[in-house]
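One-letter residues, chain by chain:
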Amino acid sequence: MRAALLRLLPLGVGVAMLGLWEICVHLTQLPIFVLPPPSAIGTALVDNFATLMGSLWVTLRITVLAFFWAVVSGLALAIIFTRARLIELALYPYVVTLQVTPVVAIAPLILIWVGFDHVDRALVIIAWIVAFFPMLTNAVQGLRSTEPQLHDVMTLAGASWWQRLYYLELPAALPAMLTGTKISGGLALIGAVVAEFVAGSGASTGLAWRIIEAGNRLEIASLFAALALLSALGIALFYALTLLEWLVLRRWHDSFAKSG
Amino acid sequence: MTRAPDLALHNIGLTYRQPRSGEDVTALRDITARFAAGSFTALVGPSGCGKSSLLRLLAGLLPPTQGDMSAVTQSDIGFVFQEPTLLAWRSVFDNVALPLKIANRKSGFSRAEIDTRVIEALTWVGLEARAKALPRELSGGMKMRVSLARALAKRPPILLMDEPFAALDELTRFRLDDDLRTIWQQQKPTIIFVTHSVTEAAYLAERALVMREGALQSEVVIERPKNSQGNFRAAPEFHAACAALGEALAAPPARAS
């Protein structure tokens, strides 16, 4: 009972804040293009529902594609790195370079090279660059975290390299990889929004584009509505991945151990 | 079970370079020993005397830097580590089945045969009822039994054990010692059992090799009363063996480095 109430606490805080916001806006009579009350944002959300859902779909698609490729390429490169030290030594500095160079600065190039014909593809690539690195580093760390004695068990069993990978290293790396996916998922969304901002044209009509458009027209309520959907998308992604983590690890991993 | 040939070591030495200081460390020197097929040998010595290195070398996990040893096929070896070394995400059954599954590529065990062997091995260690449990649901002693079952499921002619019961409480250890004796008497694998416990060595083995500072120091043959069904721990032969082993361990190293 108490636990259930504690879970509802954040929701209660949210409702109280929205109420306070609504009251303050009405009392101070702020103009609607500076700070619209939550009720106006709700109305904007309902009025532009079809458009906003279309934009949500565009952004979701870029995010999910970028996330998917981040997971696939991060994991593949991690497996290569942990098998061939020479390749890791040769490539790692460039991976870091890609990571530390601000993506906003690379984006125009990618838009020129890829974006003329396929804006969506360019946006996915930009978001992928942002999301890729945590997946790689977490997967590498996870694959390396296996106990040496468990490797001895595999050696004595005569395991081939892929049996070692399949039976031992990948399952042992799962906790770290799932942490990686949680970070990468969030970053893929950030990357998608940044990419849309940089693309800046109406060629891609995701939620970030709606925000720019609403800002230009001083339709601040619509801007807030798009923003709220972006947050909701981020939260949904995060909890979907947390759920996945729970489903995969709850039975055997210590971080989900029940007392007693 | 196929019978393994005798294991023989001739002038074996092991030297490795310490990664930090760059100094050469001699872990084993000039070891000559013979382990007859079906014999039960204890390797006794203080921590750091090289007994675990010797065992890893016998298992082919480490190559010797000097000397010759008889070639051993890794599939003939069951190895039990000091820790249970179970895969936390696999059930007891799946942990025990793993080496068979991996070997399946070469030796072609049928699924039914793997099942039979796993259940058989779990029955030997008294855990057939917990086949579906995950390692974290078991006590330390039970996990060690699973580890033993995993080594036994291959029906290996050679069983190498690296202080497998050292971390367990004494009662559990006594019980596992008894189980191991029974398994050895029934199946007669060659067992080489590393321990730092004089009483455990005296209770389990037919003979004990005492190691000091990387070298074999002496050999103690452990006599058991003939046709006695009583508790060996209460027998005078057991106490004599303990005393002899204690003396051998207390003696100064045969050779200074």
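Please read these numbers as outputs of a predicted model, since none were measured by experiment.

### A short note on the confidence of the model for chain B
Overall, the prediction assigns chain B a mean pLDDT of 87, with 95% of residues at 70 or greater. Across the interfaces of the predicted complex, the ipTM metric reaches 0.86, alongside a pTM of 0.84.

### Focus on the sheet that holds strand E3 (residues 40-44) of chain B
Residue and element names in this part refer to chain B. Within the open sheet, the 6 strands sit side by side as E5-E6-E7-E3-E8-E9. Their pairing is mixed. Looking along the sheet, the strands with just one partner apiece sit at the ends: strand E5 (77-80) and strand E9 (215-221). Neighbour to neighbour, the strand axes of the sheet diverge by 20 degrees on average, direction disregarded. Where strand E8 (residues 207-212) meets E9, 6 bridges bridge the pair, whose relative direction is antiparallel. Bridge assignment links Met211 to a residue of E9, and that residue is Leu216. Helix H5 (residues 170-187) rests against E3, strand E6 (158-162) and strand E7 (190-195) of the sheet, and its axis sits at about 160 degrees to E7.

### Things to note about the packing of aromatic side chains
Summed over all chains, the structure comprises 14 aromatic pairs over all chains. Each ring, one from Trp21 of chain A and one from Phe224 of chain A, has its centre 5.5 Å from the other, and the planes form 65 degrees; the classification is edge-to-face. One end of the pair, Trp21 of chain A, is in helix H1 (residues 2-28); the other, Phe224 of chain A, is in helix H10 (residues 220-249), with 203 residues separating them in the sequence. Classification of Trp21 of chain A by relative accessible area gives partly exposed; the value is 23%. Residue Phe224 of chain A is classed as partly exposed on the basis of its relative accessible area, which comes to 23%. Arranged with centres 5.1 Å apart and planes meeting at 35 degrees, the rings of Trp128 of chain A and Phe132 of chain A form a pair that is tilted. Of this pair, Trp128 of chain A and Phe132 of chain A are both found in helix H6 (residues 119-144), 4 residues apart, which corresponds to roughly one turn of the helix. The buried category is assigned to Phe132 of chain A, whose relative accessible area is 6%. A network of ring pairs unites the aromatic residues Phe40, Phe165, Trp184 and Phe193 of chain B as a single cluster. Across from the ring centre of Tyr203 of chain B, 5.5 Å away, lies the NZ or CZ of Arg224 of chain B, which sits over that ring. For the cation-ring pair, Arg233 of chain B lies above Phe174 of chain B, with the distance from its terminal atom to the ring centre recorded as 3.7 Å.

### Some remarks on the sheet that holds strand E1 (residues 7-17) of chain B
Residue and element names in this part refer to chain B. Across the sheet, which stays open at both edges, the 3 strands sit in the order E2-E1-E4 with antiparallel pairing between neighbours. Looking along the sheet, the strands with just one partner apiece sit at the ends: strand E2 (24-35) and strand E4 (66-69). The mean inter-strand angle of the sheet, taken between neighbouring strand axes irrespective of direction, is 20 degrees. By the bridge criterion, 3 bridges tie E1 to E4 in an arrangement that is antiparallel. Paired with Leu9 across the strands is Met69, a residue of E4.

### Quick word on the environment of Tyr203 of chain B
Relative to the assigned elements, Tyr203 of chain B resides in helix H6 (residues 198-204). The residues touching Tyr203 of chain B, leaving out its near neighbours within four places in the chain, are Asp177, Asp178, Arg181, Arg224, Phe232, Arg233 and Phe238 of chain B.

### Focus on the interface of chain A and chain B
In this complex, chain A contributes 25 residues to the contact, which on the side of chain B involves 26 residues. Buried area between chain A and chain B, both sides added, is near 2,200 Å², and the carbon and sulfur share of it is 63%. Joining chain A to chain B, the criterion identifies 1 salt bridge. Here Asp152 of chain A ties to Arg56 of chain B by a salt bridge, and the two come within 2.7 Å at their closest N and O atoms. Run the count over chain A and chain B and you get 5 residue pairs in polar contact (both at pLDDT 80 or more). Those elements that place two or more of their residues in the side of chain A that touches chain B are helix H7 (148-157) and helix H8 (161-199) of chain A.

Thresholds applied
- Residues numbered from 1 in each chain as written.
- Chains lettered and ligands numbered in written order.
- Predicted model: local features only at pLDDT ≥ 70, side-chain atom pairs only at ≥ 80, totals over all residues.
- Heavy atoms only, no water.
- pLDDT = per-residue confidence, 0-100.
- Pairing = 2+ DSSP bridges.
- Helix = DSSP H or I, 4+ residues; strand = E, 2+ residues; numbered from the N terminus.
- Axes fitted to C-alpha atoms, helices over the stretch in contact; angles between N-to-C directions.
- Contact = heavy atoms within 4.5 Å.
- Phe/Tyr/Trp six-rings, centres within 6.5 Å; stacked < 30°, edge-to-face > 60°.
- Buried < 20%, exposed > 50% of the residue type's maximum accessible area, 1.4 Å probe, protein only.
- Lys NZ or Arg CZ within 6 Å of the ring centre and 35° of its normal.
- Buried area = accessible area lost by both parts, 1.4 Å probe.
- Salt bridge = Lys/Arg side-chain N within 4 Å of Asp/Glu carboxyl O.
- Polar contact = N/O pair within 3.5 Å; in protein donor to acceptor, adjacent residues only side chain to side chain.

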